[in-house]
Amino acid sequence: MMGQVSPLDEYTLRKADRERIVAARDRQHVHLGNAKVALFLIVVVYTAVRLGGALSVPFYVASTIGFVVLSIWHEAVLRALARARAAVAFYEEGEARLGDRWMSATPSGERFRDPDHPYADDLDIFGPRSLFQLLSGCRTPMGEARLASWLLQPAAPPAIRDRQVRVMALRDRLDLRERIAVVNAGRRQMIDAARLITWAEVPPQLPRVRALVIALALACIATVAWYLNGGAGLPVVISLVLNVGVMGWLGKRANAMVDALAGACESASIELVANVV
């Protein structure tokens, strides 16, 4: 299709298509959110009406399963919505470049600027309205550093030809470029690669208590089911106390790990790494 219409028309058509997807996913998001709230209210009303009487365990089981299914479906819709919005932004950026409206607040590479460089300032390599800002579609500091190094250092003719071949290979593969652009919904993540590698090489800090956690969770479910069928309430209390205690104990160690990871990332999210891998 890229060969039949101009690049600007192609970007406009694709953006309109992704905008329709955004609208559809947004409607699904609202409907699923309302369905989850409605299911929760139904359970609350049922419990209030039957309080003091016999409660139906199958009703609670079916409600729980339904809520889990709706939550998983809702999460998938939210991810699809985020990807569609990122695709719209990708094509808007393409239209801006083609229409010479690319000057924006995107990273300008100012941190790579060297006043003593022989040509960087004269050619506006970095800074607002710079060549770096025009070319960069980077999502990580590592990518920005690679692009900056290419702009600051001369390359041998074979390396230049190799880069041009890769550009030619990607030029008409717009679907692939879109998929790359929407990794992690198109958000830029500031990651300190060295600190992230150090964090990843630290030995496991959480104890091997998976079996205990599963056993406590099953025990909690069993005691609640027993109580709903007329059993004593003390086992439920004991089970909940044990679960909360273990979760608190593990939570302190997990928080320490997350804090260390947050030190390597501008945000605590590692979705970008997960999606790329």
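As shown above, the structure is provided for reference.
Cut-offs and rules
Residues numbered from 1 in each chain as written. Predicted model: local features only at pLDDT ≥ 70, side-chain atom pairs only at ≥ 80, totals over all residues. Heavy atoms only, no water. Phe/Tyr/Trp six-rings, centres within 6.5 Å; stacked < 30°, edge-to-face > 60°. Helix = DSSP H or I, 4+ residues; strand = E, 2+ residues; numbered from the N terminus. Buried < 20%, exposed > 50% of the residue type's maximum accessible area, 1.4 Å probe, protein only. Core = buried A, V, L, I, M, F, W, Y, C linked by side-chain atoms within 4.5 Å. Contact = heavy atoms within 4.5 Å. Salt bridge = Lys/Arg side-chain N within 4 Å of Asp/Glu carboxyl O. Polar contact = N/O pair within 3.5 Å; in protein donor to acceptor, adjacent residues only side chain to side chain.

Now for the packing of aromatic side chains. Where two aromatic rings form a pair, the distance of their centres and the angle of their planes describe that pair. The tally for this structure, following the rule as stated, stands at 9 aromatic pairs. Here Tyr11 and Tyr91 contribute two aromatic rings whose centre-to-centre distance is 5.5 Å and whose plane-to-plane angle is 85°, an arrangement assigned as edge-to-face. One end of the pair, Tyr11, is in helix H1 (residues 7-50); the other, Tyr91, is in helix H2 (residues 57-98), and 80 residues separate them in sequence. Taking relative accessible area as the criterion, Tyr91 reaches 0% and is therefore assigned buried. Judged by centre distance (6.0 Å) and plane angle (40°), the ring pair of Phe112 and Phe126 falls under tilted. Of this pair, Phe112 sits in the loop between H2 and helix H3 (131-135) while Phe126 is found in the loop between H2 and H3, placing the two residues 14 residues apart along the sequence. The residues Phe112 and Phe126 share a single accessibility class, namely buried.

On to the nonpolar core, then. Considering soluble globular proteins, one finds that nonpolar side chains tend to be buried as a cluster. Of all hydrophobic cores here, the largest spans 10 residues; its members are Phe112, Ala120, Ile125, Phe126, Phe132, Cys138, Leu147, Ala148, Leu151 and Leu152. When residues of this core are assigned to their parent elements, the largest contribution, 4 residues, is made by helix H4 (residues 141-152). When sequence neighbours within four positions are dropped, the list of residues in contact with Phe132 reads Pro107, Ser108, Gly109, Phe112, Ile125, Phe126, Glu144, Leu147, Ala148 and Leu151.

Next up on the list: the environment of Cys138. Along the polypeptide, Cys138 turns up in the loop between H3 and H4. For the pair formed by Cys138 and Ala181, sequence separation is 43 residues and the distance between their alpha carbons is 8.8 Å.

We now examine the pattern of salt bridges. Counted under the stated rule, the structure contains 13 salt bridges. The residue Asp17 makes a salt bridge to Arg20 at a minimum N-O spacing of 3.6 Å. With Asp17 and Arg20 both in helix H1 and 3 residues apart, this pair spans about one turn of that helix. We classify Asp17 as partly exposed; its relative accessible area is 28%. Here Arg20 falls in the exposed class, since its relative accessible area comes to 54%. The partner of Arg18 in a salt bridge is Glu178, and the shortest N-O contact between them spans 2.8 Å.

What follows covers the environment of Arg113. Looking at where Arg113 falls in the secondary structure, it is placed in the loop between H2 and H3. For Arg113, a relative accessible area of 38% translates into the label partly exposed. At 3.0 Å, the side chain of Arg113 forms a polar contact with the side chain of Asp121.

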